[in-house]
Amino acid sequence: MKRCALLVAAGRGTRMNKDLPKQFLPLLGEPVLVHTLRHFYRSGIEITLVLNTDFIPDWNEKRSELADVPNHQIVAGGQTRSESVLNGLRSLPTDSLCGIHDAVRPVLDSAFILRLFDAAEKFGNAVPVIPLKDSLRRISDSQNPAVPREEFRIVQTPQVFSTKQLLEAYAKVNYPTFTDEASIFEAAGHRIHLEPGSEINLKITVPGDLLLAAQLIRYSPH
C-alpha cells in the first residue's frame, strides 16, 4: 500500500510569542519545518504539507532559497486542526496509508516512522504513546485528588491510518470537537492500536523547546 505523510503546519503558534509561526522559526540555521520534511523524505514517504493560506506564498519563496528541501505538495489548511487534516486527506489516494504528523515535531528518525507504518499495515492503525513520568492530580472546583499515572499515556504523532477509513471516520463524527485523529477514528467505531512512542519526539510549543530540539537533533540518529 502506498505510504503518504500529511504534515500539519497550518497553525500560527501564538504561544511562542513570535512574529513567525513556530514551524518557520530557525532551528540549527533552517526552519523547523525543513528538519521534519527531511525525516519523512529519508523514509521514502510521499509528503503533503498543510499550510495556512496566509503563509503559502512566503513558504514557496523561502523554500526556493534553501538547499535540499524535499519535494512536497502543498494543501491549504482550514480554520481548525481537524479541518486542515481533512483538507489534506482529500488530496491523497484513498488506497494509501497516511501518517499524520505535527510539523513542529522535528526530532524523529526513519526507524521510528517506518515502525509505525508497519504496525498500521498489521493492525489497521498505529498511534505512538509514551508513559508519564510525573505524578498527576485532577483539578475540580473544590478538590484535587491524585490519579494513577499508570492508567494514562501521552499521545504523539505521526498517527498512521488507512486514508479511506479515516475519511469515512470524518464523515461519521462531529470532527471539529476532536484534537487528534485517533480520537476521531475511535469515535467512528474503530479500536486504536497503541505503539511505543519516542521520548525525544518533542513538540515545539514554547521558546525553550527550540534549544532542546537543537541538542536532540545534534546527538540523535537520522
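See the structure shown above.
Predicted model, so just to flag it, every value in this text is computed and none were measured.

Participant: Explain the packing of aromatic side chains to me, and be specific about the residues and the numbers.
Facilitator: Under the defined criterion, the tally for this structure stands at four aromatic pairs. For the ring pair Tyr170 and Tyr175, a centre distance of 5.1 Å and an interplane angle of 50° mean the geometry is tilted. Under the relative-accessibility criterion, Tyr170 is labelled buried at 2%. Grouped by ring-pair contacts, the aromatic residues Phe24, Phe55 and Trp59 constitute a single cluster.

Participant: So, the pattern of salt bridges: which residues are in play, and what are the values?
Facilitator: Pairing between side chains of opposite charge can happen when the charged atoms of each approach one another. Tallying each qualifying case throughout the model produces ten salt bridges. With its nearest N and O atoms 3.0 Å apart, the salt bridge here joins Arg105 to Asp102. Each member of the pair, Arg105 as well as Asp102, is classed as buried. Its salt-bridge partner being Glu195, residue Arg115 comes within 3.1 Å of it at the nearest N-O pair. Remark: Glu195 occurs in strand E12 (residues 194-196) and Arg115 occurs in helix H4 (residues 110-123); sequence separation between them is 80 residues. Relative accessible area serves as the criterion here: at 13%, Glu195 is assigned to the buried category. Shared partners join several salt bridges into a network, and the residues in it are Arg81, Asp102, Arg105 and Glu181.

Participant: Describe the nonpolar core, listing the residues and the values that go with them.
Facilitator: Ranked by size, the top nonpolar core spans 28 residues in total, and within it Leu7, Leu33, Leu37, Phe40, Leu49, Leu51 and Trp59 carry the most contacts. Counting residues per element, the ones that place at least two in this core are strand E1 (2-9), helix H1 (32-42), strand E4 (46-51), helix H2 (56-65) and H4. With six residues, H4 is the largest single contributor of residues to this core. In contact with Leu49, other than residues within four places in its own chain, are Leu7, Ala9, Leu33, Trp59, His72, Gln73, Ile74 and Val75. Formed by 24 residues, the second largest nonpolar core is a distinct cluster that contains Leu92, Phe161, Ala182 and Ala188.

Each value, and the rule that gives it
Residues numbered from 1 in each chain as written. Predicted model: local features only at pLDDT ≥ 70, side-chain atom pairs only at ≥ 80, totals over all residues. Heavy atoms only, no water. Phe/Tyr/Trp six-rings, centres within 6.5 Å; stacked < 30°, edge-to-face > 60°. Buried < 20%, exposed > 50% of the residue type's maximum accessible area, 1.4 Å probe, protein only. Salt bridge = Lys/Arg side-chain N within 4 Å of Asp/Glu carboxyl O. Helix = DSSP H or I, 4+ residues; strand = E, 2+ residues; numbered from the N terminus. Core = buried A, V, L, I, M, F, W, Y, C linked by side-chain atoms within 4.5 Å. Contact = heavy atoms within 4.5 Å.

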